[in-house]
Structures are given as structure tokens and as C-alpha cells.
There are 2 protein chains.
Amino acid sequence: MSTIPITDRTRIRRLPERQQTDRDQLYAALDDGFVAHVAVVRDGYPVVLPVGYGRAGDDLYLHGSTGSGIFREIADGRPIAVCITHLDGLVFARSAFDSSMNYRSVMVLGHATVLDGEEKEAALEAIVEHLIPGRWAEVRPTSKRELAATLVLRMPLAEASMKVRAKGASEEEDDGEDRSVWAGVLPILRVAGEPEASDLTPAEVAVPASVRQAAAKLEGAFAGSTF
Amino acid sequence: MSTIPITDRTRIRRLPERQQTDRDQLYAALDDGFVAHVAVVRDGYPVVLPVGYGRAGDDLYLHGSTGSGIFREIADGRPIAVCITHLDGLVFARSAFDSSMNYRSVMVLGHATVLDGEEKEAALEAIVEHLIPGRWAEVRPTSKRELAATLVLRMPLAEASMKVRAKGASEEEDDGEDRSVWAGVLPILRVAGEPEASDLTPAEVAVPASVRQAAAKLEGAFAGSTF
């Protein structure tokens, strides 16, 4: 089992037992996600924005428009923090204080570098395949003009931490709480709705494999898709 | 219709047509969410972390432990940025470039202030009722010790912006794209799983109203719950 090294900045001090250092768990949480929240400092103030991302190996890939001022600032190498969070359940304890949520949250610290040429195209493919597995082969090749309008960044997973709560409501035999109050967990799942074809998609064009695979990714399994 | 004033920092410059200024839409997006991503500057570096929140009127409430160093820093009034994002769908265009996501994202800028006394208790109730409607009345009152261990912060929605994409795949009659490639939207929904009672909850204790209401909040409607 490969572990994620803990640095002074990524050591979880509050509820340290929730720190998860198994690299495969980190990969799985990243691969389950679609949107990262990226924080950057602008004029001394923090800003945070949602960004679509991908992962390959120990690199996270971010992409954005060359027309976005904030994304250009992220691309110029200033320090960023990237957070991907999954809310997995609501935890019903017998007190407000012990009420909680089950979650997996990854934070990555560092800075991003701009990719060009073949690396850029490969990273763009990794992002598309991360978000919609199988879609890259279905769509036409990206044009030079489109590539030029896109900033693709690499951020290594060099300094990363993961915090997880994945258990039932806190309770002890001798906690004195009223057992007539229901305690437990309400799991939260993300599922796909029915695909909605665009106006210009001919009726005879079937829903493609990528849509089914995206639904499977959403649901974490191939079960459940009905189309 | 009340609108959200746009400031120099909250004006959306990239795809400005996605800026949503209807205050009721802002409230709805906030009320649909559970976890905010809060960014703060520490030693010159950005940090971002997930935080449970609530809303009442034009105030956002955040809560955390007095044992969390980063939360104490947020509580000391330094500038923060708070982002709440809903991923509503994957958008399948006929090119990677036009592939997209449907989303609602709210960013709030400013700083938080610490609440005490009755305001603190009322805000804590607002957070619990936001996350799990109906739960406050089911659990025992919060003790003085528990209250003392909890930091409850108010952040006004004074400087906020909302960005929304809520439409089909980009396509035009004359765009020259191959119509045999399926385009459209795969909606993403969040649903509740089956409630899992804790080990110490007697079998005769029924799943309470708060669990059903949390499931309804997750699904955005009372339809769909089977328990």
C-alpha cells in the first residue's frame, strides 16, 4: 500500500484519526469527482472557484479559458489550494452537537504549470475522459483554434491530504442519551437522470456509450442505469 | 424581484450572461446546499476547506470547532471567500471544446463575525435546520459545554455573486458538426439512500420526520422517498 506523505501543512490536527493516507483511497476520491474548488489569493484576498478537473497518475489537471483573468492568474504559477469534497451522508445523532456528515475531502496544495503541445493534448484528453469516460473517441478532434483558447494546467499531487468520516452516529452505551430518539445515517447518493437529447440530434441517434459510462461513474457502479 | 448588487469584485467577466442576479435564485441555491468551500489566506498561502453552513435572511452561518486552528483564524475576521456549487448535469457537445457542465455556483466575499449568547444559539438552530429540517426539535438541548466548544459565525451576503449554466449542448444549424454524434445533457441528481439506524436505536423507534425531510431536501421534492 502506497501512502501519502504528511507534511507540516497537510497534517490534520483537528480529529487526526480522520486523516486518510492510503494513496489508492486518494485516487478513488479524486476519480469520483467532477468539480474541484480552487482557491487563490488576488490582491491579498482569497478567491475560490469551481473548476472541472482530471487526474492521471500523480498529476491533477485543471482546464479553463484563456479569457478568464482568474484562471490566467492560476496559470502564472501562484500558490493555489484545490479541494474536492464528496458528501456521503447525513449523520443523525441524539444531540445537535454530535450531528455530523459523512464525507471524503481531498486538499492539494502547490501551484500549477501550463502545459503545451502533446502534453497539453494528452492532459485535455485525460480531463474529458475523467469527466465523461469514453467521450474523447466520440467527438471530433479539437481544432488548433480551440486548443489555443484553452489553458491546461498540471498540478502535482505532491502535497495532498485527505480527511474522511465514514461511520455511524456517535453513541456510547453510557452516554445517557434518550434512546427513543432515532440515530443513524441517511446516505447521500448521486445518480443520473434520463439523458436529454439536443434539438439537433436526430431521433435515430442512440444514446452513446459515454452517456452510460458517465451515469455509471455518477452512481459508482454499472447497476441502476435504465437506458 | 430583489436583485443582488454587482460589485467590481463580483462582476462576472468571463461568460457574463451566466451571472444570475435574482436574489430568490441565490437563496434557493444556498438553501439546496450542505457544504460550503471556504477559502482563507494563511501565511500568504491560500487554503480551502469544506464547512457545513446555514442561511437565514441575508446572513450565512458557518460553524466549526474551537479546536480547529484554521476555523479560529476564519473567526478572527480575516477576509474569506465562500463558494457553494451544485453540479446539475453533464453537457455532451459534439466537440470536446463545447463539452460542459450545468451548474449553479454562489461565491460570497467578506469576513465572518463570531456570534454569542442568544444570537449564537439561534444561528446554530438555523444551521441544524438548514442541514436537517426538523431535527432541532427532535434532539435534546445543546449543553453549555457543547456551546462553548462550538464557534458560530455570521457572514452577511453583502457581496455575493452567482453563476449559472442551465441549458442544452451548444449547437447551431450551421455549425458544421456531425449530427450522428449524440449531443445533449445527462442530468445529475442527488438522492437519499435507505436510512441506517445506529446500533443503539431500538428497533421499535420509527424513522423520524427529520430524516424524511432531509431526504426531501436532497431530492428537491417530497416525491421519491420510500420510507
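Structure's up top.
Just so we're clear, the structure is a prediction, and the values are computed from it rather than from any experiment. Note that residues are indexed from 1 along each chain, following the sequence as it is written. As a convention, the first chain written is A and the first ligand written is 1, with the rest following in written order. Totals for whole chains, interfaces and linings use every residue, but because this is a predicted model, local features are given only for residues with pLDDT of at least 70 and side-chain atom pairs only at 80 or more, for both listing and counting. Excluded from the side-chain calculation are hydrogens and water; included are all heavy atoms of the structure.

## Concerning the pattern of salt bridges
Definition used for salt bridges: Asp or Glu carboxyl oxygen within 4 Å of a side-chain nitrogen of Lys or Arg. Counted by the stated rule, this structure contains 32 salt bridges over all chains. The partner of glutamate 73 of chain A in a salt bridge is arginine 42 of chain A, and the shortest N-O contact between them spans 2.8 Å. Of this pair, glutamate 73 of chain A sits in helix H2 (residues 69–75) while arginine 42 of chain A sits in strand S1 (residues 35–42), and the two are 31 residues apart along the sequence. On the basis of relative accessibility, which here comes to 19%, the residue glutamate 73 of chain A falls in the buried class. Each residue is assigned to one of three classes by its accessible area relative to the maximum for its type, calculated with a 1.4 Å probe on protein chains only: buried under 20%, partly exposed between the two thresholds, exposed over 50%. Given the relative accessible area of 29%, arginine 42 of chain A is considered partly exposed. Measuring nitrogen to oxygen at the nearest pair gives 2.9 Å for the salt bridge that ties arginine 140 of chain B to glutamate 177 of chain A. Note that arginine 140 of chain B is positioned in the loop between helix H3 (117–131) and helix H4 (144–148) and glutamate 177 of chain A in the loop between strand S8 (159–165) and strand S9 (184–192), a pairing that runs across two chains. Using a relative accessible area of 29% as the deciding quantity, one classes arginine 140 of chain B as partly exposed. Salt bridges sharing partners connect three or more residues here, namely Arg42, Glu73, Asp76 and Arg78 of chain A. Numbering of helices and strands runs from the N terminus, with a helix taken as a DSSP run of H or I at least four residues long and a strand as a DSSP run of E at least two residues long.

## Digging into the interface of chain A and chain B
We call two residues in contact when some of their heavy atoms are within 4.5 Å. Counting from both sides, the interface comprises 87 residues of chain A and, opposite them, 87 residues of chain B. Of the roughly 7,100 Å² buried between chain A and chain B, counting both surfaces, carbon and sulfur atoms make up 71%. Connecting chain A to chain B are two salt bridges. Between N or O atoms, a polar contact is any pair within 3.5 Å; within protein, one atom must be a potential hydrogen donor and the other a potential acceptor, and residues adjacent in sequence are included only when both atoms are from side chains. Taken together, the connections running from chain A to chain B amount to 32 residue pairs in polar contact (both at pLDDT 80 or more). Contributing elements (two or more residues each) for the side of chain A that touches chain B: S1, strand S2 (45–56), strand S4 (80–92), strand S5 (100–110), helix H3 (117–131), S9, strand S10 (196–197) and helix H5 (209–219) of chain A. Polarity classes work like this: nonpolar for Ala, Val, Leu, Ile, Met, Phe, Trp, Tyr, Cys and Pro, charged for Asp, Glu, Lys and Arg, and polar for all others, with Gly in that last group. When the residues that make up the side of chain A that touches chain B are grouped by side-chain class, the tally is 54 nonpolar, 17 polar and 16 charged. At least two bridges found by DSSP between two strands are what make those strands a pair. Bridging between S9 of chain A and strand S10 (residues 196–197) of chain B involves two bridges; their strand directions are antiparallel. When two parts are brought into contact, each loses some accessible area as probed by a 1.4 Å sphere; the total of that loss over both is the buried area.

## Observations regarding unusual backbone geometry
A negative phi angle is the norm for most residues apart from glycine, just as the trans form is the norm for most peptide bonds. Non-glycine residue aspartate 43 of chain A carries a positive phi angle of around 50°. By the secondary structure assignment, aspartate 43 of chain A is in the loop between S1 and S2. The class of aspartate 43 of chain A is exposed, set by a relative accessible area of 76%. The phi angle at leucine 15 of chain B is positive, at roughly 55°, despite the residue not being glycine. In this fold, leucine 15 of chain B is placed in the segment before helix H1 (23–32).

## A closer look at the packing of aromatic side chains
To pair, rings of Phe, Tyr and Trp, with the six-membered ring standing in for Trp, must have centres within 6.5 Å; the planes then decide the type, stacked if under 30 degrees apart, edge-to-face if over 60, and tilted in the middle. Across all of its chains, the model carries two aromatic pairs over all chains by this definition. Taken together, a centroid distance of 5.8 Å and an interplanar angle of 75° make the contact between phenylalanine 92 of chain A and tryptophan 182 of chain A edge-to-face. Highlighted residues: phenylalanine 92 of chain A in strand S4 and tryptophan 182 of chain A in the loop between S8 and S9, separated in sequence by 90 residues. Take phenylalanine 92 of chain A and tryptophan 182 of chain A: they sit in the same class, and that class is buried. The ring of tyrosine 45 of chain B has arginine 9 of chain A lying over it, and the distance from NZ or CZ to the ring centre is 4.9 Å. Criterion for a charge above a ring: Arg CZ or Lys NZ at most 6 Å from the ring centre, at most 35 degrees from the ring normal. Lying across the ring of phenylalanine 34 of chain A, lysine 217 of chain A places its NZ or CZ 4.4 Å from the centre.

## With respect to the pairing of strand S9 (residues 184–192) of chain B
When S9 of chain A meets S9 of chain B, the two strands line up antiparallel, connected through five bridges. For valine 191 of chain A, the partnering residue across the bridge sits in S9 of chain B and is leucine 189 of chain B. Across four bridges, the pairing between strand S4 (residues 80–92) of chain B and S9 of chain B is antiparallel. Each bridged residue has a counterpart across the sheet, and for glycine 89 of chain B the counterpart in S9 of chain B is proline 187 of chain B.

## Structural notes on the environment of arginine 165 of chain A
All names here are of chain A. With respect to the secondary-structure elements, arginine 165 resides in strand S8. Since its relative accessible area comes to 3%, arginine 165 is described here as buried. Along the chain, arginine 165 and arginine 104 lie 61 residues apart, while their C-alpha atoms are 6.6 Å from each other. Once residues within four sequence positions are removed from consideration, arginine 165 is found in contact with Arg18, Val91, Ser100, Met101, Asn102, Tyr103 and Ser170. In terms of polar contacts, arginine 165 uses its side chain to reach the backbone carbonyl oxygen of lysine 167, at 2.8 Å.

## Some details on the pairing of strand S2 (residues 45–56) of chain B
All names here are of chain B. Within S2, nine of the 12 residues are buried, which leaves it mostly tucked inside the rest of the structure. Bridge analysis of strand S1 (residues 35–42) against S2 gives eight bridges, and the strand direction is antiparallel. In the strand pairing of S2, valine 35 is matched with glycine 52. The turn joining S1 and S2, which pair antiparallel and follow one another in sequence, is formed by two residues; a positive phi near 50° is taken by aspartate 43. Sheet topology note: the S2/strand S3 (residues 59–65) ladder contains four bridges and is antiparallel. Following the sheet pairing, alanine 56 is matched in S3 by aspartate 59.

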